[in-house]
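# Architecture at a glance
As a plain string of letters, each chain reads:
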Amino acid sequence: MRKLYLLVSMLAMPAAALAQRHELGLTLGGLISQDRGRAPNNVSLSGGTALQANYGYRFWSNRRVALLGEVHFLANGQRKIDS
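Residues numbered from 1 in each chain as written. Predicted model: local features only at pLDDT ≥ 70, side-chain atom pairs only at ≥ 80, totals over all residues. Heavy atoms only, no water.

## Comments concerning the overall build of the protein
So the rule is basically this: Going along the chain from the N terminus, every DSSP run of H or I of four or more residues is numbered as a helix, and every run of E of two or more is numbered as a strand. Each residue's exposure class comes from its accessible area (1.4 Å probe, protein chains only) as a fraction of the maximum for that residue type: buried when under 20%, exposed when over 50%, partly exposed otherwise. Throughout, a contact is declared for two residues whenever any of their heavy atoms are within 4.5 Å.
Broken down by element type, the protein carries one helix and six strands. Each helix (α) and strand (β) of the protein, taken in turn from the N terminus, gives the series α-β-β-β-β-β-β. When the 83 residues of the protein are sorted by exposure, 5% land in the buried category. Restricting to contacts in the protein with at least 6 residues of sequence separation, those with at least 24 account for 48%.

Listed below in structure tokens is the structure:
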């Protein structure tokens, strides 16, 4: 029964993926603070927030080939750097 469920889900997946025309992805992440080097050449980087948005569009597709386009937007907040 488990193998049958896996087979059915694998066969149904491409049909579900072709039904989508627009795709939007959002990501939120964090940057940890870091200390590098030794005195007198010490550099300290503060932590921060990383944001990403991704938009994808399917222009054309048939049973074997698809033409897709994607645009990525990235943003990092201001980080304080001390040396």
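## Examining the environment of glycine 29
Within the fold, glycine 29 resides in strand E1 (residues 22-31). Given a relative accessible area of 30%, glycine 29 falls into the partly exposed group. Along the sequence, glycine 29 and alanine 50 sit 21 residues apart, while their C-alpha atoms lie 4.9 Å from each other. Setting aside chain neighbours within four positions, we find glycine 29 in contact with Gly48, Thr49 and Ala50.

## Structural notes on the pairing of strand E5 (residues 66-76)
Heads up, the rule is: The pairing criterion for strands is at least two bridges between them, as found by DSSP.
Two elements, strand E4 (residues 48-61) and E5, share eleven bridges in a ladder whose sense is antiparallel. Bridge pairing in E5 places tyrosine 57 opposite glycine 69. The antiparallel hairpin formed by E4 and E5 contains four residues in its connecting segment.

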